[in-house]
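Chain by chain, the residues run as shown.
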Amino acid sequence: MTQFENPILPGSHPDPSVCRAGSDYYLVTSTFEYFPGLPIYHSRDLVHWRLLGHVLDRPSQLPLQGVRASGGLYAPTIRHHEGVFYVVCTLVDGTAKSGNFVVTATDPAGEWSEPRWLPEADGFDPSLFFDDTGRAWWTATREVPGGRSGQTEVWLREFDPVAFELIGEEHVMWSGSLRDSVWLEAPHLYKVDGKYVLLCAEGGTDFEHSVVVATADDVTGPYRGSPLNPVLTHRHLGRDHPIAAVGHADLVCTQDDQWFAVLLATRPYGGYYYNLGRETFLVPVSWEAGGPVFSPGIGRVEARYDVPALPAHPWPEIGPTDDFDAPVLDPAWMFLRTPDEAFWSLTDRPGHLRLRVRPESITDLVTPSLVVRRQQHRDFHASCALEFTPAHPDDAAGLVLLQNNDHHVRLLLGADREVALVRRVSGRDELLATTRLPGGVVRLGFEATGQEYRALVAGAAQEWRPLGEPFDGRVLSTQAAGGFTGVHIGLLATGVGGDWADFDSFTYRSLDG
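First, a word on what this report is: a plain description of the structure on this page. Nothing here was measured: the structure is a model prediction, and the numbers come from that model.

Each value, and the rule that gives it
- Residues numbered from 1 in each chain as written.
- Predicted model: local features only at pLDDT ≥ 70, side-chain atom pairs only at ≥ 80, totals over all residues.
- Heavy atoms only, no water.
- Helix = DSSP H or I, 4+ residues; strand = E, 2+ residues; numbered from the N terminus.
- Rg over C-alpha atoms; globule rule 2.2 N^0.38 Å.
- Contact = heavy atoms within 4.5 Å.
- Areas by Shrake-Rupley, 256 points an atom, 1.4 Å probe, with all protein chains shown as cover.
- Phe/Tyr/Trp six-rings, centres within 6.5 Å; stacked < 30°, edge-to-face > 60°.
- Buried < 20%, exposed > 50% of the residue type's maximum accessible area, 1.4 Å probe, protein only.
- Disulfide = S-S within 2.5 Å.
- Pairing = 2+ DSSP bridges.
- Salt bridge = Lys/Arg side-chain N within 4 Å of Asp/Glu carboxyl O.
- Core = buried A, V, L, I, M, F, W, Y, C linked by side-chain atoms within 4.5 Å.
- Axes fitted to C-alpha atoms, helices over the stretch in contact; angles between N-to-C directions.
- Polar contact = N/O pair within 3.5 Å; in protein donor to acceptor, adjacent residues only side chain to side chain.

Considering the overall build of the protein chain
Along its length, the protein chain carries one helix and 39 strands. The globule rule puts the C-alpha radius of gyration for 513 residues at 24 Å, and the 23 Å found for the protein chain is close to it. The long-range fraction of contacts in the protein chain, counting pairs at least 24 apart against all pairs at least 6 apart in sequence, stands at 58%. Carbon and sulfur atoms provide 47% of the accessible area of the protein chain, an area that totals close to 19600 Å².

Below is the structure:
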C-alpha cells in the first residue's frame with residue numbers, strides 16, 4: 001500500500017481532533033444527539049483506524065434527554081499530557097445540563113471520568129494546550145456581545161489540570177482573518193519553533209468553510225493573522241468539486257517529526273447534497289516561515305495521498321454482517337439520545353437483538369427503541385432479518401433511514417404481516433408503498449445508488465424484490481433537513497408497547513465500484 005484514500009473515517013464523523021501518545025494516535029469526533037457520545041478511534045499509522053468505544057458511554061456522563069436534533073455534543077478536543085488523556089467538549093441546548101466540560105482517562109480504551117463542568121468557561125468549541133513552560137491553557141470561541149450575526153472571537157485563559165478550573169486573567173486572542181468574517185471557531189493552539197500558532201475554522205461549516213491561522217511570540221498574544229489566510233479552503237473550487245466544506249482542522253506531529261492534519265470535509269453527490277454528512281480527512285502539512293502549509297504543492301484536499309512514513313498497521317477487518325452473537329452491542333451502534341431504560345437485549349434470545357416495542361416515536365425528541373449506525377458509502381446495501389408478531393394493530397418494527405425526527409424513511413412490518421414504506425419530509429408522513437409477507441422471518445432492506453434509494457423486501461426463503469418505486473434520497477441530506485449530521489441506518493420497534501421484535505442479523509456493505 002503506497003497511497004491511502006480519503007476520507008479516513010467515512011460517514012458522519014465531523015469536527016475531528018487528534019493527539020499522539022508515543023507511537024499511538026487517538027481521534028475523537030462530534031456526535032450531537034447520539035448516545036454513547038464521542039467515538040474514540042485508535043491508529044498507529046494515521047491511515048487505519050479502529051473504534052475503541054466512546055468517551056461518554058454512561059448515562060451519568062451524558063444527559064441528552066429531550067435535546068433537539070443536532071443539539072448535544074459539539075466539537076471535542078483530545079489531548080495527552082504526562083500520562084493523562086483529556087477530552088474537552090460543549091453540550092449544546094441540553095435540557096438538564098449545558099456548557100463546557102472536561103473528562104479524563106489514563107487509558108483511552110478504558111473508563112473515562114465523570115464530566116467536570118466549567119461554568120466559568122463560556123462559548124463553545126473548547127481546546128486545551130499544554131505549554132512547554134509547564135502551564136496549561138484553555139481556548140474557546142464565543143459570539144461577540146452586540147456583534148453582527150455570526151461574529152465571534154477566540155479567547156484564552158489558564159487551565160488548572162488538578163482543580164479542573166480556569167484561573168487568572170482572560171485574553172481575547174483573535175477575531176478572524178477577514179473584516180466581515182463569520183464563525184471564527186474550533187481554535188487549537190500549538191507551539192512550533194518557538195512561536196505560538198493558533199489554528200481556527202472560519203466561514204461556517206458548509207460551503208464557505210476554511211482554515212485560518214494567527215501567530216504570536218507570547219501565548220497571550222498579540223496574535224496576528226497570516227497574510228496567506230485562508231491557508232486552506234475549497235470554496236473557490238465551486239459546488240461541483242468532489243470535496244467541499246473543508247475546515248475544522250487539528251494538527252499532529254509524528255514521532256518522526258512529520259506533520260499531518262485531520263479535518264472535516266464533505267463529498268457532495270447528486271448536486272450539492274451530502275447524505276454522508278461531514279467526514280474526517282487526513283492531509284500532509286509542512287511549515288514555512290512559521291506557518292502551516294496544507295497539502296504542500298497542491299493546496300487542496302485530495303482523495304488520495306502517499307501513506308505517512310510510519311510502519312503500516314492495519315487492523316482486522318470487520319465483516320459486513322452483525323449476527324448479534326456478542327453479549328453487548330458492537331460500539332458502532334448508537335442510540336438516539338440517552339436511554340433511561342434498557343429496551344434492548346442480546347441475552348434474552350441469544351443470537352438476536354431484541355428490541356422492546358415502546359410508544360416513544362422517532363418523530364419526537366425522545367429516545368425510541370432504536371439503534372443506529374452511520375451510512376458510510378454513497379452506494380450501499382443495508383438489510384435486516386426480523387421476527388415479529390405485533391401484539392397491537394399499531395405496533396411495528398423494521399428498518400429506518402434517519403436524518404432527524406422530521407426527515408426520515410421507515411420500512412416497517414406491522415399488523416397482518418403488512419410492510420409499509422413511509423417517507424417523512426418536513427414533519428409530514430407520506431405512504432409510498434405497502435405489501436404483505438408470509439409468516440416467520442422477514443427481510444427488509446434499503447439500497448442506494450447515488451441519490452436513488454429503493455426499499456427491498458423478502459420472506460425468509462425468497463429473493464429480494466423492490467417495494468414501490470425508487471425514491472429521491474436528497475430529502476435525507478443536510479440541505480433539505482438542516483442540522484449537522486449525516487444519514488444513520490437504524491433498527492426500530494415502535495407502537496403501543498408490551499411485545500418484542502427480534503432481529504436475527506443486520507448487514508451493511510458498500511456497493512461502490
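So that's the structure; there's more coming.
Some words on the packing of aromatic side chains
As enumerated under the stated definition, the model contains 23 aromatic pairs in all. Each ring, one from Y74 and one from F484, has its centre 5.8 Å from the other, and the planes form 80 degrees; the classification is edge-to-face. Here F484 lies in the loop between helix 1 (478–481) and strand 38 (488–494) and Y74 lies in strand 7 (residues 72–81), a separation of 410 residues in the sequence. Classification of F484 by relative accessible area gives partly exposed; the value is 29%. Arranged with centres 5.2 Å apart and planes meeting at 70 degrees, the rings of W259 and W287 form a pair that is edge-to-face.

So, the state of the cysteines
Note on terminology: disulfide describes a covalent bond linking the sulfur atoms of two cysteines. Applying the stated criterion to the full structure yields zero disulfides. Unpaired in terms of disulfides, C19 finds its nearest cysteine sulfur in C253, a separation of 13 Å.

Quick word on the pairing of strand 7
Taken across its ten residues, strand 7 has eight buried, putting it largely inside the fold. Strand direction decides the pairing type here: strand 7 and strand 8 (residues 84–92), joined by eight bridges, are antiparallel. Opposite H80, over in strand 8, you have F85 as the bridge partner. Once strand 7 ends, the chain turns through two residues before running back antiparallel as strand 8, passing E82 with a positive phi of about 50 degrees.

Description of the pattern of salt bridges
Under the criterion given, the structure shown has 30 salt bridges. Linking D24 and R44 is a salt bridge whose minimum nitrogen-to-oxygen distance equals 2.7 Å. Here R44 lies in the loop between strand 5 (37–43) and strand 6 (50–56) and D24 lies in strand 3 (residues 24–28), a separation of 20 residues in the sequence. Across the pair D502 and R349 runs a salt bridge whose closest N-O atoms are separated by 3.1 Å. Placement of D502 in strand 39 (residues 500–510) and of R349 in the loop between strand 27 (344–345) and strand 28 (353–356) is noted, with a sequence separation of 153 residues between them. Judged by its relative accessible area of 7%, D502 is buried. Each of D122, R142, E153 and E170 takes part in one network of salt bridges that share partners.

Quick notes on the nonpolar core
Within the largest apolar cluster, 68 residues are counted, with the highest numbers of intra-cluster contacts made by L401, L491, F503 and F506. Residues F4, Y41, V231 and I243 belong to the second largest nonpolar core, which totals 39 residues.

What to know about the sheet that holds strand 22 (residues 279–288)
What the four strands build is an open sheet, ordered 20-21-22-23; its pairing is antiparallel. The sheet is open, and its two edges are formed by strand 20 (244–253) and strand 23 (291–294), each paired on a single side. Direction aside, the axes of adjacent strands within the sheet are offset by 40 degrees on average. Pairing analysis gives six bridges linking strand 20 to strand 21 (residues 259–266), with the strands arranged antiparallel. When the bridges of strand 21 are listed, C253 appears paired with W259.

Comments concerning the side chain of H248
Along the chain, H248 falls in strand 20. Looking at H248, its side chain comes within polar contact range of the side chain of D15, at 3.3 Å. In this structure, H248 is in contact with D15, P16, A75, D125, A186, A201, H209, V211, V262, L263 and L264, ignoring residues within four places of it in sequence.

Comments concerning the sheet that holds strand 2 (residues 17–21)
On the basis of which strands lie adjacent, the open sheet formed by four strands has the order 2-3-5-6 and antiparallel pairing. Strand pairing shows two members of the sheet lacking a second neighbour, strand 2 and strand 6, which therefore form its edges. Neighbour-to-neighbour, the strand axes of the sheet open up by a mean angle of 25 degrees, direction not taken into account. Across five bridges, the pairing between strand 5 and strand 6 is antiparallel. Paired with Y41 across the strands is L51, a residue of strand 6.

Observations regarding the environment of Y74
Residue classification places Y74 among the buried residues on the basis of a relative accessible area of 14%. Expressed as a C-alpha distance, the spacing of Y74 and C89, which sit 15 residues apart in the sequence, is 6.4 Å. Other than its neighbours up to four places away in sequence, Y74 contacts S30, F32, R68, C89, T90, V92 and F484. In terms of polar contacts, Y74 uses its side chain to reach the side chain of R68, at 3.2 Å. Polar side-chain contacts of Y74 include one of 2.7 Å to the backbone oxygen of S70.

Quick notes on the side chain of T507
Looking at where T507 falls in the secondary structure, it is placed in strand 39. You can call T507 buried: its relative accessible area is 13%.

Some remarks on unusual backbone geometry
In this chain, N6 is followed by P7 through a cis amide linkage whose omega measures 0 degrees. Within the secondary structure, P7 sits in the loop between strand 1 (3–5) and strand 2. The linkage connecting G221 with the following residue, P222, adopts the cis geometry, with an omega of 5 degrees. When you line up the elements, P222 lands in the loop between strand 17 (210–216) and strand 18 (224–225). Not every positive phi belongs to a glycine, and F324 is a case in point at roughly 55 degrees. Looking at the secondary structure, you find F324 in the loop between strand 25 (321–322) and strand 26 (335–336). A relative accessible area of 2% places F324 in the buried class. Despite not being glycine, R337 has its phi angle at roughly 70 degrees, a positive value.

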